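# Structural overview for review
Given next are the chains, with one letter for each unit.
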Amino acid sequence: MAMATLRREGKRIAAPLISHHPDNPLRSSVTSSEEHEVLGVRSISTQVVRNRMKSVRNIQKITKAMKMVAASKLRAIQTRAENSRGLWQPFIALLGDTPSVDVKKNVIITISSDKGLCGGINSTAVKISRGLHKLNSGPEKESKYVILGEKAKAQLVRDSKKEIELSITELQKNPLNYTQVAVLADDILKNVEFDALRIVYNKFHSVVSFMPTTSTVLSPEVVEREAEAGGKLGELDSYEIEGGETKSEVLQNLSEFQFSCVLFNAVLENACSEQGARMSAMDSSSRNAGDMLDRLTLTYNRTRQASITTELIEIISGASALEG
Amino acid sequence: MTSNAAVPFWRAAGMTYITYSNLCANLVRQCLKEPYRSEALNREKVHFSISKWAEGKPEKPTIRSDTPE
């Protein structure tokens, strides 16, 4: 837009040169430039570009600051996320991961961020959840959503608000910790009925790469059923159980604890991916702001120089006309 | 519960394993010496807001927090 205004102004400056009066060229150019002054066209249109440059520079400052903040938050949370992976790995070794299990009551837990400006991580999580929902819906089956974070809620409300069971926000007000996530996991367990919980989150690989991931937590009854069917879970019988507890008790405790651990890891991984995505998004947006600033400066300077040159030509040609 | 054996006392009280283990963990934290005790207790702060949905409408969110506003 600013370019168009500039171009228009350039034409107006050139106009008096073309329609000059041969008998008194000096006066005509002076009056026409006075007309411009009165209209204020020349001063305003360069000011538009100047204002634009100022606002772009401010935006660039903000995005740079956000990148710095995201980078420092990422460093703090990355080690915690990597350490928390040790929590669920034993469960995978013991119970295996069964994303393809076919059960009646599915609960999809979508993990997203509360804040935006972090690239596409929230929409990938929502997309994967929708896919899982479609995959697990059918006659005699039902899938429900449990949503963590504002952003996925805003996206899922649009088309599947009937299926939302719970939504949780403001999770990241304090630094994430296990107690918090455990209380949350407890609330989820008490409020929904499930055969399988499917947690959808973005697993952190590096600052620029996140994998949308699902973790599946089965209810104790399903674990028992699957164990009888054999496979990885069939090896459960080879473990000796200490104490007076029965196998189903142990399984119930185990699946509850597995859920809280997996959820803890998922929340941390997602927070880590969020900061990473925000960092790279802010990096590219400050780079784009820089490019835009360069272009604007170039047009601004060129127009300024053009108007100076025109004025000089007007003065010189006027003076030489008087001399001659 | 499908088991016929006596359920543990904490499950009879309506707790899940998560609550039980959290209570135990909190007890262990309280056994620490200062300054580690307050450090460990301050680290584990709970705050989130949870709302149930019925008929496609969110109900009033309840805030689970152990820090007074």
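Here is what the cut-offs are and how they apply
- Residues numbered from 1 in each chain as written.
- Chains lettered and ligands numbered in written order.
- Predicted model: local features only at pLDDT ≥ 70, side-chain atom pairs only at ≥ 80, totals over all residues.
- Heavy atoms only, no water.
- UniProt positions renumbered as here; feature names shortened; annotations may be inferred.
- Helix = DSSP H or I, 4+ residues; strand = E, 2+ residues; numbered from the N terminus.
- Axes fitted to C-alpha atoms, helices over the stretch in contact; angles between N-to-C directions.
- Parallel < 35°, antiparallel > 145°, perpendicular 65-115°, else oblique.
- Left-handed = near helix turned anticlockwise from the far one by under 90°.
- Contact = heavy atoms within 4.5 Å.
- Nonpolar A, V, L, I, M, F, W, Y, C, P; charged D, E, K, R; others polar.
- Salt bridge = Lys/Arg side-chain N within 4 Å of Asp/Glu carboxyl O.

Going by an unreviewed UniProt entry, chain B carries the name ATP synthase subunit epsilon, mitochondrial and comes from Handroanthus impetiginosus. In its Subcellular location (unreviewed entry) section, the UniProt record describing chain B reads: "Mitochondrion inner membrane". Quoted verbatim from the Subunit (unreviewed entry) heading of the UniProt record, the comment on chain B is "F-type ATPases have 2 components, CF(1) - the catalytic core - and CF(0) - the membrane proton channel. CF(1) has five subunits: alpha(3), beta(3), gamma(1), delta(1), epsilon(1). CF(0) has three main subunits: a, b and c."

In the annotation of an unreviewed UniProt entry, chain A is listed under the name ATP synthase subunit gamma, mitochondrial and assigned to Handroanthus impetiginosus. Per UniProt, chain A has the following entry under Subcellular location (unreviewed entry): "Mitochondrion inner membrane". Within the UniProt record for chain A, the comment given under Subunit (unreviewed entry) is "F-type ATPases have 2 components, CF(1) - the catalytic core - and CF(0) - the membrane proton channel. CF(1) has five subunits: alpha(3), beta(3), gamma(1), delta(1), epsilon(1). CF(0) has three main subunits: a, b and c."

To continue, consider unusual backbone geometry. Put simply, Glu34 of chain B and Pro35 of chain B share a cis peptide bond, and its omega is 0°. Mapped onto the elements of the fold, Pro35 of chain B is located in the loop between helix H2 (17-30) and helix H3 (36-43). Even without a glycine there, the phi angle at Leu117 of chain A is positive, about 55°. Of note in this structure, Glu170 of chain A is not a glycine but carries a positive phi near 60°.

This next bit is on the packing of helix H6 (residues 178-191) of chain A against H2 of chain B. Viewed as axis vectors pointing N to C, H6 of chain A and H2 of chain B meet at an angle of 160°, and their least axial separation amounts to 9 Å. When the interaxial angle is binned, H6 of chain A and H2 of chain B end up roughly antiparallel. As for how H6 of chain A packs across H2 of chain B, the hand of that crossing is left-handed. Contact residues: H6 of chain A offers Tyr178, Thr179, Ala182, Val183, Ala185, Asp186 and Leu189 of chain A, while H2 of chain B offers Ile18, Thr19, Asn22 and Arg29 of chain B. Broken down by class, the residue content of the contact of H6 of chain A with H2 of chain B amounts to six nonpolar, three polar and two charged.

The next thing to look at is the pattern of salt bridges. Residue and element names in this part refer to chain A. Summed over the entire model, instances satisfying the criterion amount to 16 salt bridges over all chains. A salt bridge links Lys141 to Asp102; its shortest N-O distance comes to 2.8 Å. Remark: Asp102 occurs in the loop between helix H3 (41-95) and strand E1 (105-111) and Lys141 occurs in the loop between helix H4 (121-135) and strand E2 (142-148); sequence separation between them is 39 residues.

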